[in-house]
Amino acid sequence: MTSTPPTADTDAPDDDRPRWGPPSTTVPPGDDPHTCPYCGRPFPSDRRRTLHLGAVHGPALTDEEAASVAAVRDSEADDLFVFHLKVVAAIVLALMGLAYLYAFVLS
Amino acid sequence: MTRSRWLRRLGGLAVVLAVLLALATRPGAAHGGTLRLSGSTAQVPFWLVSLTGGGVIGVSFLFTALVTDHDLIREVADARRVLRVVPAPASWLAGVAGVLGLLAVVAVGLVGPPTPTANLAVLLVWVGWWAGFTATVYLLGNAWRALNPWRTLAKLLPAGDRDVSARTATAVSVGGLLLLVYMEVLSPFSEDPVLLVAAVVGYSVATLAGAAVLGDAWFDRVDPISRVFRLYGRVAPLQRTRDGLRVTLPGAALTRPPSDDPRPRPDARGDVTDRDDDATDADGDATDARDATVGAHGDADDAEAWWARREGDATFVVALLWVTTFDGLVSAAAWGDVARAVVGLGVPAHALYVATLLVGFGVFLAGFRLACRLSRRTADSYVSVPEIRVRFAPALLPIAAGYHLAHYLPYFLSLAPSLAVVAADPLSPPPSPPVLLLPNWFGGIGLLAIVAGHVLAVGVAHAVAFDTFTGRLQPIRSQYPFILVMVLYTITSLWLVSQPTVAPPFV
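Treat the numbers as computed from the prediction; the structure is a model and nothing was measured.

Description of the overall build of chain B
So, step 1. A count of helices and strands for chain B gives 20 helices and 3 strands.
So, step 2. In chain B, buried positions account for 55% of the 507 residues.
So, step 3. Sequence separation of 24 or more characterises 79% of the internal contacts of chain B that already satisfy a separation of 6 or more.
So, step 4. A total accessible area of about 20,500 Å² is found for chain B, and carbon and sulfur atoms account for 68% of it.

Next comes the structure, spelled out in structure tokens:
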């Protein structure tokens, strides 16, 4: 994430190293977006917005926001661990599958 | 995640890829330009080779999914060294060399021998330039800006400064690219020196006329050849920036906007986020309706024009990927059967080819756009679809480059001795110049290039996703549709490449 909040510059040598910057967004009609209080970017969930706060507006956060960032990051780390277990399982399955396939075809 | 762990994983990935590729390349002589499937006994059936290729892409995505540290990903994408500025005489010399090359093609094409393999014009254009030079553009860096003879010649003419809308520019460059490839693949321009000269002169007249009206904007935005090289050049490790040459990892430049066309300074930040506020449709296609004018003034107009140029680049990248595939498609043996069947029904052959070229482009564009829409959905994100299109399209460039290398490296190497011998004496060359005979295993290099291009594309898409989406799981989920499309595309293209090569029938 490289969104630059209007005040800070997270990406100092911007001219030299241009990045995409904050992405444009569209909110489907009927949705009630959770909006970032610092840059106005909408998010479909409070959790997503909190992750964004931590990634982009880290230094500017209030204590309360910082605490919720820590909590959400914690729970994301748990999710990520489970996800990575699945990824490792998928890698093993893919490689074993191919190896078996080769064994059958070449035998 | 610490760096050493990450490096160990990278090492593990390299070993896995090496083993898979060693298996995948067993069949040996696959194809590539002029290589035919020779008598080597293929122990591994081609469907399994294709499947393995798809598996390599899927597994390399799974390995990248283990890397979820924003700082690390950014660090890898930003690793670079800045070299000294290229001395001015070098680019001046390149300009002179380009013009001399153009003159040589026109002169020798007209007065040289009619045999294509002994005519310097044919060898210089197809072997030296389209096969060899293009490969240096994506493997090293884009020197076309300096070498481009038409840009040098246009400096001698009065330069226009008319505006062109980004939409028109894209339409002309995509149309030009399809036309050039049609001519390259299907017409005698690649065989008949005089016809080739006619095409070169025709292109020269069109290009110089365009430059006289638009000035530099013609080469920067409209000219299809310059656009091909500009985009291929972004795959390369050498990037030209204002403070000199920059060395990055291959493909690293694809993770950010082009350095020669930086995003207008967003004081127009409001503009960047407000842009789609009025577009409440879930697909966020509002920018499609935009027809920004290049070179307009004012912050908002600048930002819009810049955006329209990026949308144009995205469309052009898809066209580039399609034409490299088209090249392989029409010379595959299976295509010959289909073409004979369709022409047998009374369809004119050229109509069939034109229709295939256009429909294929449409299918590729639709597939890419659909993947972008699905990406927004799998990521469960509010990031607009045009934004996803523009950011992820450059990740397709390494695939096109890999396909180009697979197709043209054997062609270039086998005909390079001819080029050297004929260049030494262009007007009375030996009747049959020497040709390098490549060993059978060389076909495996083509498969390797294609798979390497795809793996690089997976890496670029990963870095782009982490730059675009929030958190650590959402960026991975955003890549599912792209990975699915890439795996399907790999399987198809490896199947095409492993087909015996034949001359396209009826043309």
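Don't stop here, the text continues.
Notes on the overall build of chain A
So, step 1. Each helix and strand in chain A was counted, giving 2 helices and 2 strands.
So, step 2. Helices (α) and strands (β) of chain A occur, in sequence order from the N terminus, as β-β-α-α.
So, step 3. The buried share among the 107 residues of chain A stands at 36%.
So, step 4. Accessible area of chain A: about 5,700 Å², with a carbon and sulfur share of 60%.

Observations regarding the packing of aromatic side chains
Residues and elements named next belong to chain B.
So, step 1. This model, assessed by the stated rule, comprises 19 aromatic pairs over all chains.
So, step 2. Here the aromatic rings of Phe61 and Tyr480 are separated by 6.2 Å at their centres, their planes lie at 85°, and the arrangement is edge-to-face. With Phe61 in helix H2 (residues 46–65) and Tyr480 in helix H20 (residues 480–498), this pair connects stretches of sequence that are 419 residues apart.
So, step 3. Taking 5.8 Å as the distance between ring centres and 75° as the angle between the ring planes, the aromatic pair formed by Tyr408 and Tyr411 counts as edge-to-face.

Quick word on the sheet that holds strand E2 (residues 238–241) of chain B
All names here are of chain B.
So, step 1. With antiparallel pairing, 3 strands are arranged side by side in an open sheet as E1-E3-E2. Where the open sheet ends on each side, the last strands, each with one partner, are strand E1 (80–82) and E2. Each strand of the sheet is rotated relative to its neighbour by a mean of 25°, with strand direction disregarded.
So, step 2. In terms of strand pairing, E1 meets strand E3 (residues 244–248) through 3 bridges, oriented antiparallel. For Arg80, the partnering residue across the bridge sits in E3 and is Thr248.

Side note on the packing of helix H5 (residues 120–139) of chain B against helix H11 (residues 224–233) of chain B
The description of two packed helices rests on the angle between their axes and on the distance between the axes.
Residue and element names in this part refer to chain B.
So, step 1. Between H5 and H11, the least distance of the axes is 7 Å, while the angle of their chain directions is 40°. In this view, H5 runs oblique relative to H11, as classed from their interaxial angle. In this structure, the crossing between H5 and H11 has a hand that is right-handed. Counting all contacts with H5, which are made through Trp129, Trp130, Phe133, Thr134, Val137 and Tyr138, the residues of H11 involved are Ile225, Val228, Phe229, Tyr232 and Gly233.
So, step 2. Its residues assigned to classes, the contact of H5 with H11 shows 9 nonpolar, 2 polar and no charged.

Considering the confidence of the model for chain B
All names here are of chain B.
So, step 1. Here chain B averages 81 in pLDDT, while 84% of its residues score no lower than 70.
So, step 2. At the low end of the mean pLDDT range in chain B sits helix H12 (residues 269–274), at 39; at the high end sits H11, at 94.
So, step 3. Confidence drops under a pLDDT of 50 for residues 22–42, and excluding neighbours within four residues, the segment shows 53 contacts in the predicted structure.
So, step 4. The model gives residues 267–297 a pLDDT under 50, and that stretch makes 72 contacts with residues more than four places away or in other chains.

Focus on H5 of chain B
Each turn of an α-helix holds 3.6 residues, which means side chains three or four residues apart point in the same direction.
Residues and elements named next belong to chain B.
So, step 1. Counted at 1.5 Å a residue, the expected span for H5 with its 20 residues is 28 Å, but the 25 Å between its end C-alpha atoms falls short.
So, step 2. Helix geometry: H5 is bent most strongly at Trp129, by close to 35°.
So, step 3. Here H5 lies mainly inside the structure; 15 of its 20 residues are buried.
So, step 4. Sitting at the head of H5, Asn119 places a side-chain oxygen 2.8 Å from the backbone nitrogen of Ala121.

Quick look at the pairing of E2 of chain B
Residue and element names in this part refer to chain B.
So, step 1. Only one face of E2 is covered, namely the face carrying Gln239 and Thr241; the face carrying Leu238 and Arg240 is uncovered.
So, step 2. Sheet analysis places E2 next to E3, joined by 4 bridges and oriented antiparallel. Among the inter-strand pairings, Leu238 is bridged to a residue of E3, identified as Val247.
So, step 3. Hairpin geometry of E2 and E3 is characterised by an intervening segment of 2 residues between the two adjacent antiparallel strands.

Brief notes about unusual backbone geometry
So, step 1. With phi around 50°, Asp380 of chain B is a residue other than glycine that occupies positive phi space.
So, step 2. Within the fold, Asp380 of chain B resides in the loop between helix H15 (349–378) and helix H16 (385–392).

A look at the state of the cysteines
So, step 1. Taken as a whole and assessed by the stated rule, the structure comprises 0 disulfides over all chains.
So, step 2. There is no disulfide at Cys36 of chain A, and the cysteine sulfur nearest it, in Cys39 of chain A, is 3.7 Å away.

What to know about the nonpolar core
So, step 1. Tyr232, Leu320, Trp322, Phe326, Phe361 and Phe392 of chain B are the most contacted members of the largest nonpolar core, which totals 132 residues.
So, step 2. With 13 residues, the single largest contributor to this core is H5 of chain B.

As for H2 of chain B
So, step 1. The end-to-end C-alpha separation of H2 of chain B is 29 Å, in line with the 28 Å expected for 20 residues at 1.5 Å each.
So, step 2. For H2 of chain B, the tally of buried residues reaches 16 of 20 residues, placing the bulk of the element in the interior.

Calculation rules
- Residues numbered from 1 in each chain as written.
- Chains lettered and ligands numbered in written order.
- Predicted model: local features only at pLDDT ≥ 70, side-chain atom pairs only at ≥ 80, totals over all residues.
- Heavy atoms only, no water.
- Helix = DSSP H or I, 4+ residues; strand = E, 2+ residues; numbered from the N terminus.
- Buried < 20%, exposed > 50% of the residue type's maximum accessible area, 1.4 Å probe, protein only.
- Contact = heavy atoms within 4.5 Å.
- Areas by Shrake-Rupley, 256 points an atom, 1.4 Å probe, with all protein chains shown as cover.
- Phe/Tyr/Trp six-rings, centres within 6.5 Å; stacked < 30°, edge-to-face > 60°.
- Pairing = 2+ DSSP bridges.
- Axes fitted to C-alpha atoms, helices over the stretch in contact; angles between N-to-C directions.
- Parallel < 35°, antiparallel > 145°, perpendicular 65-115°, else oblique.
- Left-handed = near helix turned anticlockwise from the far one by under 90°.
- Nonpolar A, V, L, I, M, F, W, Y, C, P; charged D, E, K, R; others polar.
- pLDDT = per-residue confidence, 0-100.
- Expected span 1.5 Å × (residues − 1).
- Bend = angle between axes of the 7 residues up to and from the residue.
- Polar contact = N/O pair within 3.5 Å; in protein donor to acceptor, adjacent residues only side chain to side chain.
- Disulfide = S-S within 2.5 Å.
- Core = buried A, V, L, I, M, F, W, Y, C linked by side-chain atoms within 4.5 Å.

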